[in-house]
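Topology and contacts: notes
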Amino acid sequence: MISASYLQKIRRQKPTTMGKQRRQNGANASPVLLFAMMICPILLAISTVESFSFPTSTSLLTVQSQNKVTRSSCTGTSLWATKVEDDVKDAAKAASSPDEIFEQFTDFIMNHQKSMIAQIEQVDGSGCLFTRDGWGAFANTSDADSIADKSKSGGITRVVQGGDVVEKGACSLTVIRNGVLTADRAATIRGRQEEQGAGGVVVREGDSYSAAALSVVLHTRNPYVPTFRSDVRIFLVKSSTDNSKSTAWFGGGSDLTPYYLIDQDIINFHTHLQTMCNTHFPPESITDNDDNTQREQQLSYKQMKKSCDEYFYLPARSEHRGVGGIFFDDLDATENTLDFVRDVAEGWMPSWLPIVEKRGKMEYGDEERHWQCLRRGRYLEFNLLYDRGVKFGLANANPRVEGVMVSAPPQIAFDYNHVPKEGSEEERLIKILKSPIDWVK
């Protein structure tokens, strides 16, 4: 189904390495950094100064580099020059405006959609290919998905059906530009700002907004391979009273919805997420002495896992939709958090494909298939009753219903008052869904 060499290639795509390489590439193009490199010989001649840092402004959720790489040196002056270089990079990052970060993110998700779809088609191996449904600004674009007018909204819905691994999958790109906030939407956003203690632009009715998102849902054919869901998104608001003022937030995450629990698969998935989160947001960087500690803790794996469990919950059933993953929202958009969001997206396939390799050919019968369809029914219940993205999409004046509902499973079942057999694997799953556990320490 999947060649060993291909999986080895995927596993080598470690998100932390990719993030560091992006930061290095971006810094090399910075005029400020070039200036710093010019004065490094002068700095090396100064041996009396031990440390120096450029002041940088940070918002509540701005994440500064905690793990700077120190190049080998026999003198303290070389270490000092390295610190100057690193601080210049951080200063250059802090200077990016929310509007610039929005465009960087949009370019990234357009490219990532194409590369990820190519991976999924290769892994599936059935010959089934994703269809392409472009709308708005993307309706008549080439394969490069370049758009001449960046003031227009649009999207690309890609869907595959009937595959050997993916029975139904959707990878949706959406870019909304120059929308106008209604009173209700502005109040909702403002309420979350106040709840989170966020600063920046106070969102009001009439403010313009832009949004961009890439989401993936892969409903698997084999009941022993979990359904995989993930997304990354950004929301940008510009003040209607002062066009120079804008603010933006990231959101996203990834999670698994298994039908049968294979504990080690779930542990490996959560370990991947924990490692990535700890790299960007080291646990030791959170202190109890900072007034912003409560918000900073939202950046930890532990808090993002908790948020995922809380979000994907069906209160009417008193159970969670799956075994979770990470979920984050209202994350201030900076260059540092952009690195994190990119690594979240680039880690989707490396975290899920190993499960496909191990479980994709396991045998199953009608009983397992029916249980899978019953659990898919819960998936659809959540989407229709509680999912914020579905509600937001359907609340538009002329919603693209097919696009909004594209994440629905291909087949579902509803049995009246279905109760799993005592001591069965189905019962064990239900117990975990009612009382989530910590899969990694």
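Note that residues are indexed from 1 along each chain, following the sequence as it is written. Totals for whole chains, interfaces and linings use all residues, but because this is a predicted model, local features are given only for residues with pLDDT of at least 70 and pairs of side-chain atoms are given and counted only at 80 or more. Think of the side-chain values as coming from all heavy atoms in the structure, minus any hydrogens and water.

It is worth spelling out the nonpolar core at this point. Here, the term nonpolar core denotes a set of buried Ala, Val, Leu, Ile, Met, Phe, Trp, Tyr and Cys residues that are joined through side-chain atoms within 4.5 Å. Any residue under 20% of the maximum accessible area for its type is buried, any over 50% is exposed, and the rest in between are partly exposed; the area is computed with a 1.4 Å probe on protein chains only. Counting residues in hydrophobic clusters, the biggest one holds 72 residues, and the most contacted among them are F250, F340, W348 and W352. Numbered from the N terminus, helices here are DSSP runs of H or I no shorter than four residues, and strands are runs of E no shorter than two. Considering each element in turn, this core owes the most residues, 10 residues, to helix α5 (residues 98–124). Two residues form a contact once any of their heavy atoms are found within 4.5 Å. Setting aside anything within four residues of it in sequence, one finds F340 in contact with M276, C277, H280, F281, M304, F328 and L331. Grouped together as the second largest cluster of nonpolar side chains are 9 residues, A186, I189, Y209 and A211 included.

As a further point, take the pairing of strand β5 (residues 227–238). Among the 12 residues in β5, 11 count as buried, and that is most of the element. By this definition, two strands are paired if DSSP reports at least two bridges between them. In this structure, strand β4 (residues 208–220) lies alongside β5, joined through 11 bridges in antiparallel fashion. Residue pairing in the sheet places V216 in a bridge with S230 of β5. In textbook terms, the turn of a hairpin is the stretch between consecutive antiparallel strands, and for β4 and β5 this stretch comprises 6 residues. For β5 and strand β6 (residues 246–257), the ladder comprises 12 bridges, and the chain directions are antiparallel. Directly across from R229, in β6, lies its bridge partner D255.

A few words now on the sheet that holds β5. The 7 strands lie next to each other as β1-β2-β3-β4-β5-β6-β9, forming an open sheet whose pairing is antiparallel. Only two strands of the sheet have a single partner each, and these edge strands are β1 (131–136) and β9 (324–332). Neighbour to neighbour, the strand axes of the sheet diverge by 5 degrees on average, direction disregarded. Pairing of β1 with strand β2 (residues 154–161) involves 6 bridges; the strand directions are antiparallel. Bridge pairing in β2 places G136 opposite G154. Packing of helix α12 (residues 366–385) onto the sheet brings it into contact with β3 (166–180), β4, β5 and β6, and relative to β4 it is tilted by some 165 degrees. Orientation is described by lines fitted to C-alpha atoms, with helices fitted over the stretch in contact, and by angles between N-to-C directions that extend from 0 to 180 degrees.

With that settled, consider empty space enclosed by the protein. A 1.4 Å probe that fits but cannot get out identifies a cavity on a 1 Å grid over protein atoms alone, an open set with protein on both sides within 12 Å along at least five of seven lines counts as a pocket, and a residue lines either if it has an atom within 4 Å of a point. Grid points are joined across faces, edges and corners, and a volume is the space filled by probe spheres set on the points. All told, the structure shown has 2 cavities of 30 Å³ or more when counted by the stated rule. Volume-wise, the largest cavity comes out at about 50 Å³. What lines the largest cavity is simply D255, L256, T257, C308, D309, F312, H320, R321, G322 and G324. Of all the secondary structure elements, the ones that give two or more residues to the lining of the largest cavity are β6 and α9 (301–311). Tallying contributions element by element places β6 first for the lining of the largest cavity, with 3 residues. Throughout, the ten residues Ala, Val, Leu, Ile, Met, Phe, Trp, Tyr, Cys and Pro are labelled nonpolar, Asp, Glu, Lys and Arg are labelled charged, and all others, Gly among them, are labelled polar. A per-class count over the lining of the largest cavity returns 3 nonpolar, 4 polar and 3 charged. By volume, the second largest cavity is sized at about 30 Å³. Lining the second largest cavity, in full, are S254, H272, L273, M276, V344, G347, W348 and S351. Listed by contribution, the elements that provide at least two residues to the lining of the second largest cavity are α7 (263–280) and α11 (348–359). For the lining of the second largest cavity, the element with the most residues is α7, which contributes 3 residues. Among the residues forming the lining of the second largest cavity, the class breakdown is 4 nonpolar, 4 polar and no charged.

Before going further, it helps to examine unusual backbone geometry. Its identity is not glycine, yet N178 carries a phi of approximately 60 degrees, on the positive side. Tracing the sequence through the fold places N178 in strand β3. Take N178: its relative accessible area is 53%, and that puts it in the exposed class. At D330, a position not held by glycine, the phi torsion is positive, near 55 degrees. Note on placement: D330 falls in strand β9.

Packed helices, taken two at a time, are described by the angle between their axes plus the distance between the axes. Direction vectors running N to C along α7 and helix α10 (residues 335–346) enclose 165 degrees, while the axes themselves pass 10 Å from each other. Relative to α10, the element α7 lies roughly antiparallel. Crossing handedness for the pair α7 and α10: right-handed. On the side of α7, the interface is formed by M276, C277 and H280, while α10 contributes D339, F340, D343 and V344. What sets the label is the angle itself: under 35 degrees gives roughly parallel, over 145 gives roughly antiparallel, 65 to 115 gives roughly perpendicular, and the rest give oblique. The crossing is said to be left-handed when, going from far helix to near helix, the turn is anticlockwise and less than a right angle, and right-handed when the turn is clockwise.

This paragraph deals with the packing of aromatic side chains. Each aromatic ring pair is specified by the distance between its two centres and by the angle formed by the two planes. For this analysis, a ring pair means two rings from Phe, Tyr or Trp (six-membered ring only for Trp) whose centres lie within 6.5 Å, classed as stacked if their planes differ by under 30 degrees, edge-to-face if by over 60, and tilted for the remaining angles. Scanning the model with the defined rule gives 14 aromatic pairs in all. Here the aromatic rings of Y311 and F382 are separated by 5.7 Å at their centres, their planes lie at 75 degrees, and the arrangement is edge-to-face. With Y311 in helix α9 and F382 in helix α12, this pair connects stretches of sequence that are 71 residues apart. Note on Y311: relative accessible area 15%, which makes it buried. Taken together, a centroid distance of 6.1 Å and an interplanar angle of 90 degrees make the contact between F312 and F327 edge-to-face. Linking F312 in the loop between α9 and β7 (313–314) with F327 in strand β9, this pair joins segments that are 15 residues apart in sequence.

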